[in-house]
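Overview (structure and organization)
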Amino acid sequence: MKKNQNESLENQDIEIRLLVDAIYQKYGYDFRNYSQAHVKRRILNRFNLSGMKNITDMIHESLANRKFVDQILMDLSITVTEMFRDPAFYKALREEIFPLLQSYPFIKIWHAGCSSGEEVYSMAILMKEEGLYERTQIYATDFNPVIIKQAKDGVYPLNRMKEFSVNYQKAGGKGSLSDYYTINSGDAKLLEILKKNIVFATHNLVTDSVFAEVNLVICRNVLIYFDRYLQDRVIKLFVDSLPEGGLLCLGSKENLQFSSHYHEFNPLIPKEKIYIRKYLL
Amino acid sequence: MTYRKQYKAVVAGASAGGLNALKTLFRGLDEQFDLPVIIVQHISPNAENYLIHILNEFHKLKVREADEKEVPQNGFAYLAPPNYHLLIEPDHTFTLTIDERVNYARPSIDVLFETAAEAYKDQLIGIILTGANNDGSKGLKKIKEFGGMAIVQDPETAEVDSMPKAAIQTTVVDYILNVEEIAALLNKLARG
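What to know about the overall build of chain B
Helices and strands together make up the secondary structure of chain B, namely six helices and nine strands. In terms of overall dimensions, chain B is globule-like: its C-alpha atoms have a radius of gyration of 15 Å, near the 16 Å expected for 192 residues. When its C-alpha atoms are laid out on the principal axes, chain B stretches across 45 × 30 × 30 Å. The burial tally for chain B puts 60% of its 192 residues in the buried class. When contacts within chain B are restricted to residue pairs at least 6 apart in sequence, long-range pairs at least 24 apart make up 70% of them. Put simply, chain B shows about 7,500 Å² of open surface, and 47% of that area lies on carbon and sulfur atoms. In chain B, 19 side chains carry a positive charge and 26 a negative one; their mean positions are 5 Å apart.

Side note on the environment of Leu 19 of chain B
Structurally, the position occupied by Leu 19 of chain B is in helix H1 (residues 18–28). Taking C-alpha positions, Leu 19 of chain B is 8.2 Å from Gln 41 of chain B, a pair spaced 22 residues apart along the chain.

With respect to helix H5 (residues 87–101) of chain A
All names here are of chain A. Between its first and last C-alpha atoms H5 spans 20 Å; for 15 residues at 1.5 Å apiece the expected length is 21 Å, and the two agree. Residue Arg 94 marks the point of greatest curvature in H5, where the axis turns by about 35°. Restricting attention to buried positions, one finds in H5 the residues Pro 87, Phe 89, Tyr 90, Ala 92, Leu 93, Arg 94, Ile 97, Phe 98 and Leu 101. The secondary structure elements touched by the buried residues of H5 are strand S1 (107–112), helix H6 (118–129), helix H8 (161–170), strand S8 (247–250), strand S9 (265–269) and strand S10 (274–277).

Points about the interface of chain A and chain B
Contacts between the two partners involve 27 residues from chain A and, on the opposite side, 30 residues from chain B. Of the roughly 2,500 Å² buried where chain A meets chain B, counting both sides, 50% is carbon and sulfur surface. Ranking the residues of chain A by area buried against chain B places Arg 41, Ile 224 and Lys 253 of chain A at the top, with a combined share of 28%. In this structure, the connection of chain A to chain B is made through six salt bridges.

Here we look at the sheet that holds strand S3 (residues 62–65) of chain B
Residues and elements named next belong to chain B. Pairing within the open sheet is parallel, and its seven strands lie in the order S3-S4-S2-S1-S7-S8-S9. For this open sheet the edge positions go to S3 and strand S9 (175–177), each flanked by a neighbour on one side alone. Sheet twist, expressed as the mean angle between neighbouring strand axes with direction ignored, is 20°. With four bridges joining them, S3 and strand S4 (residues 76–79) adopt parallel strand pairing. For Val 63, the partnering residue across the bridge sits in S4 and is Ala 77. Sheet strands in contact with helix H3 (residues 109–120) are strand S1 (9–14), strand S2 (37–41) and strand S7 (124–128), and its direction is about 165° off that of S1.

Let's talk about the pairing of S7 of chain B
Residue and element names in this part refer to chain B. Summarising burial for S7: five of the five residues are buried, a large majority. Alternating positions in S7 separate into two faces, Leu 124, Gly 126 and Ile 128 on one and Ile 125 and Ile 127 on the other, with burial throughout. Sheet topology places S1 next to S7; five bridges connect them, and they run parallel. Paired with Val 10 across the strands is Ile 125, a residue of S7. The pairing of S7 with strand S8 (residues 149–153) spans four bridges and is parallel. Paired with Ile 127 across the bridge in S8 is Ile 151. Each parallel crossover has a hand, and for S7 linked through helix H4 (residues 137–145) to S8 it is right-handed.

Regarding the pairing of strand S2 (residues 136–142) of chain A
Residues and elements named next belong to chain A. Extensive coverage of S2 is indicated by the burial of seven of its seven residues. Burial of S2 is two-sided: the residues Thr 136, Ile 138, Ala 140 and Asp 142 facing one way and the residues Gln 137, Tyr 139 and Thr 141 facing the other way are all buried. Summarising the sheet, S1 and S2 pair through six bridges and their orientation is parallel. The residue bridging Trp 110 from the neighbouring strand is Tyr 139, located in S2. Considered for its hand, the β-α-β crossover made up of S1, H6 and S2 is right-handed. Here S2 pairs with strand S6 (residues 198–202) via five bridges, running parallel. The residue of S6 that forms the bridge with Asp 142 is Thr 202.

What counts, and where the lines are drawn
- Residues numbered from 1 in each chain as written.
- Chains lettered and ligands numbered in written order.
- Predicted model: local features only at pLDDT ≥ 70, side-chain atom pairs only at ≥ 80, totals over all residues.
- Heavy atoms only, no water.
- Helix = DSSP H or I, 4+ residues; strand = E, 2+ residues; numbered from the N terminus.
- Rg over C-alpha atoms; globule rule 2.2 N^0.38 Å.
- Buried < 20%, exposed > 50% of the residue type's maximum accessible area, 1.4 Å probe, protein only.
- Contact = heavy atoms within 4.5 Å.
- Areas by Shrake-Rupley, 256 points an atom, 1.4 Å probe, with all protein chains shown as cover.
- Lys, Arg positive; Asp, Glu negative; His and termini not counted.
- Charge placed at Lys NZ, Arg CZ, Asp CG, Glu CD.
- Expected span 1.5 Å × (residues − 1).
- Bend = angle between axes of the 7 residues up to and from the residue.
- Buried area = accessible area lost by both parts, 1.4 Å probe.
- Salt bridge = Lys/Arg side-chain N within 4 Å of Asp/Glu carboxyl O.
- Pairing = 2+ DSSP bridges.
- Axes fitted to C-alpha atoms, helices over the stretch in contact; angles between N-to-C directions.
- Right-handed = clockwise from strand over helix to strand, strands pointing away.

This is the structure we're talking about:
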């Protein structure tokens, strides 16, 4: 029985690799350097819902049916997020990072892997309250076009606003979160003025290249899904996007310690995983 | 029957009442016990991981929060960070994710156990302790399927018995013991 288990595990892993490869070859979405255990869980989850006989059937379906692939892309997207997630991080931005940005005539921010946009709007609100938003340009990107569309809409279930409000207050919010949205049949729609200086666009960290020089890169809880090789590639993109003194913000369980680009940065606020690109002498 | 060198790691899952159970478990381990112990304790998403400080008092095993890409080392115990799932890769490194909750939990015991079962196969010991839901049952079943050992806290001795009961109903487990006995068994298994 044990032997059978091990063999069927091996076969299943091969089939999953083939599926991932097929999606890459046909559609260009490359999950080959994602965490294996994570990709497997997500794909098996889809497999169980699909009612198909085996993973190989999923390969055929993926090649023939773009809608099915869109579903897999959604499975492999990170859609769990919230406004002002990790309030202490936003508090640190407000109290320690924004004073540094005050002197800039123009501020460019790249929010890489922004998912459905909750954290992008959090940033916009924060900057508005600190009087920085008018001279800021935010590029908010994600590889998944469906999710970018959601982010652009900026409409979230009303029942999540209570939780978001608590975060907002903990992050040092100066007013009430409800100042920033209107209510429409069970949904909260964020105000258009928040979107004024945000460009939402698809960009794939795995396969696309640098598109702008920015002062601040935010990429939180994205790198944890990548293997070391891919993490390094993505951090190189950030190095190439940031001038000396530019800032990089990672998720609470991410760090640069093992990256080959570690020497390019100094930790600025280690607890919140905020790094500054070194000045070259 | 000899267990010499069979086991490479221990995974343990606890929910309500877990703090006391884990303290007792750690207190009961031999000085020289050194298998890595990887733990999911259900915990509030915003909690500081106070468990680390508490458990560090109870054994030489150095207790810390699991980091992504870390390889579990002998002599260390690892706790899943609050609000992250902890997965074990085929090369035994840790992956952290913020996917949806599983069994209403993140971290989820099933997520750890199922991935650990595939990574460690018959070299894994899985333990379900006290708790109020059924997280971990599927994972423990998978550990058994891959030839690992399944241990469950005796529901009679658990602060909350639903999680051990659910595990026992789902899998033919190897041992049902109180926590002191589980520690003694782990000592024996680790010595080989």
